[in-house]
Amino acid sequence: MSFSTPKTITILGATGSVGLSTLDLVRRNPDQFKIVALTANSNVQLLAKLAVEFDAELAVIGDANKFSELKDALAGKPIKAAAGEGALVEAAQADASIVMAAIVGAAGLRPTLAGIRRGATIALANKECLVCAGELMIEEAQNSGATILPVDSEHNAIFQVFDFNADRSVEKIILTASGGPFWNKRSDCLKDVTPAEAVKHPNWDMGRKISVDSATMMNKGLEVIEAFHLFPVRADQIEVLVHPQSVVHSMVQYIDGSVLAQLGSPDMRTPIAYAISWPNRLNAPVERLSLADIGQLTFAKPDFDRFPCLQQAMDALKNGGSAPIVLNAANEVAVEAFLAERIGFKDISSVVHSALTKLDMKAPHSLSMVFEMDREARAVAKAIVAKISI
Ligand code: NAD
Ligand code: MG
């Protein structure tokens, strides 16, 4: 195994939780990776600092109003500065062999697709874009020869134990779920939980949006849809299993009764390392798993009554058409409103439910239809939020 030429890599969403974990691995393995482009939404100072540290060729800030601030921060450095949505796409188009797609939300769809269209290897953390446009993304990847490698810990685990040469011998995929910070809370206590409580995940340190999604278990629902697009299985072959320790990251069950699992400490640097160095393995500075210290691993069935978002997502996958797009858009709007303390925790699933019942189920045939449906769903969800705002 030779690492004489470093792999070139662009990170979309470099200033976020996944982006910074990726950069941590790059920092520790300077001979193996070379950064091409870094992007962020609004944190100019951190973006500029990282672009200088990693000697990037291009730094892109999503917020077009921050272009001059970025240019000033990079003055005198040989780093091209750019801003706005179009420039995010340019970053993905820059000539890097790997694109780490770590923007949060459907905002990541256009740039991720740009990487797919030029046949890059996509390390995919941004699950929302698969939820919105899974079929189209996979089709585009097949056309361009792009490789999509899952970064999400569950999907990365499945990728490690799924026998792609014998997919018909796979009986089911078992996605594990921590259950989030409220797994042990009674239903009547959930209505008063605060954003600060919701983002405090017991096992994982993540961005605010995915942390709230974990608390509602919408995250697991989005992951069911993500798994459906990434692996050759039917929707009814994907099962969710609550596992509060987050040690078993997911499993694949075969027709002979064998169940293969991938285990590890809950640290995103393990799945990120696997995605960016596949098919090789990269040394990752994560705490080694000590099962003797952990002692017990527990499992339970999901509770669809207390966590209706999980069922909503599974139904959206089954119903198809625009349902996953509406589900995702309404959820993004609702989570933002919850974080801004405009609606309560339980309102998140109500907003998603109302949006799903208000919008019909036509299937998107093109990317422009996906964007149109996403826009429409956001407008409807915002109107629902405005009605119930605290
Ligand atoms: P985060 O909020 O920490 O970071 C998001 C990044 O995207 C930031 O760099 C931000 O600047 C950028 N961004 C946000 N909105 C943007 C916009 N409109 N345009 C351009 N850039 C924008 O999020 P995260 O926790 O790192 O999650 C990123 C993605 O990875 C999400 O889709 C999440 O579901 C997925 N994921 C995260 C984890 C985790 O441990 N954090 C695990 C599995 C999957
Ligand atoms: Mg996950």
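Since the structure is predicted, the reported quantities are computational estimates derived from the model, not experimental observations.

Draft legend 1. A look at the site of ligand 1. Taken together, 22 residues lie around ligand 1, and T15, S17, N41, E128 and G207 are the ones closest in. At 3.1 Å from an oxygen atom of ligand 1 is found a main-chain nitrogen or oxygen belonging to G16. In the complex, the protein chains occlude 86% of the 830 Å² of accessible area that ligand 1 would expose alone. At the level of secondary structure, the elements contributing two or more residues to the shell around ligand 1 comprise α1 (17-28) and α6 (127-144). Residue composition of the shell around ligand 1, grouped by class: 12 nonpolar, seven polar and three charged. No fewer than three residues from each of domain 1 (7-150) and domain 2 (153-267 + 299-308) sit in the shell around ligand 1.

Draft legend 2. Highlighting the layout of surface pockets. In this structure, the second largest pocket spans a volume of roughly 320 Å³. Residue lining of the second largest pocket: 13 residues in total, with I138, Q142, I148, H229 and L230 positioned closest to the centre. Secondary-structure elements contributing two or more residues to the lining of the second largest pocket are α6, β7 (147-150) and α10 (218-230). Of the residues that constitute the lining of the second largest pocket, the class distribution is 10 nonpolar, three polar and no charged. Per-domain counts for the lining of the second largest pocket show at least three residues from each of domain 1 (7-150) and domain 2 (153-267 + 299-308).

Draft legend 3. Representation of empty space enclosed by the protein in the model. Summed over the entire model, instances satisfying the criterion amount to two cavities of 30 Å³ or more. Taken as a whole, the largest cavity spans an internal volume of roughly 50 Å³. Along the walls of the largest cavity sit S153, N156, A157, Q160, H249, Q262, L263, G264, S265, D267, T270 and P271, which together make up its complete lining. When residues of the lining of the largest cavity are traced back to their parent elements, those giving at least two are α7 (153-161), β11 (259-263) and α11 (269-277). Ranked by residues supplied to the lining of the largest cavity, first place goes to α7 with four residues. For the lining of the largest cavity, the per-class residue count stands at three nonpolar, eight polar and one charged. Space inside the second largest cavity adds up to approximately 40 Å³. As for the second largest cavity, its lining consists of S322, V326, L359, D360, K362, M373 and E376. A per-class count over the lining of the second largest cavity returns three nonpolar, one polar and three charged.

Draft legend 4. Broad picture of the domain arrangement of the chain. Structurally, the chain comprises domain 1 (7-150), domain 2 (153-267 + 299-308) and domain 3 (320-390). In this structure, domain 1 and domain 2 have C-alpha centres spaced 26 Å apart. Taken together, the contact between domain 1 and domain 2 spans 12 residues of the former and 17 residues of the latter. With both sides pooled, the region where domain 1 packs onto domain 2 buries about 1200 Å², and carbon together with sulfur makes up 69% of that total. If you sort the residues of domain 1 by the area they bury against domain 2, K127, V131 and P150 come out on top, with a joint share of 49%. Counting the contacts that link domain 1 with domain 2 gives two salt bridges. Here E128 and K209 are joined by a salt bridge, their closest N and O atoms 2.8 Å apart. On the surface where domain 1 and domain 2 come into contact, there are five residue pairs in polar contact (both at pLDDT 80 or more). For the side of domain 1 that touches domain 2, the secondary structure elements donating two or more residues are α6 and β7. The element that contributes the greatest number of residues to the side of domain 1 that touches domain 2 is α6, accounting for seven residues. Split by residue class, the side of domain 1 that touches domain 2 holds seven nonpolar, two polar and three charged.

Definitions and cut-offs
- Residues numbered from 1 in each chain as written.
- Chains lettered and ligands numbered in written order.
- Predicted model: local features only at pLDDT ≥ 70, side-chain atom pairs only at ≥ 80, totals over all residues.
- Heavy atoms only, no water.
- Near = heavy atom within 4 Å.
- Polar contact = N/O pair within 3.5 Å; in protein donor to acceptor, adjacent residues only side chain to side chain.
- Areas by Shrake-Rupley, 256 points an atom, 1.4 Å probe, with all protein chains shown as cover.
- Helix = DSSP H or I, 4+ residues; strand = E, 2+ residues; numbered from the N terminus.
- Nonpolar A, V, L, I, M, F, W, Y, C, P; charged D, E, K, R; others polar.
- Domains from an automatic or database assignment.
- 1 Å grid on protein atoms, 1.4 Å probe; cavity = no way out; pocket = protein on both sides within 12 Å on 5 of 7 lines; lining within 4 Å.
- Points joined across faces, edges and corners; volume = space filled by probe spheres on them.
- Contact = heavy atoms within 4.5 Å.
- Buried area = accessible area lost by both parts, 1.4 Å probe.
- Salt bridge = Lys/Arg side-chain N within 4 Å of Asp/Glu carboxyl O.

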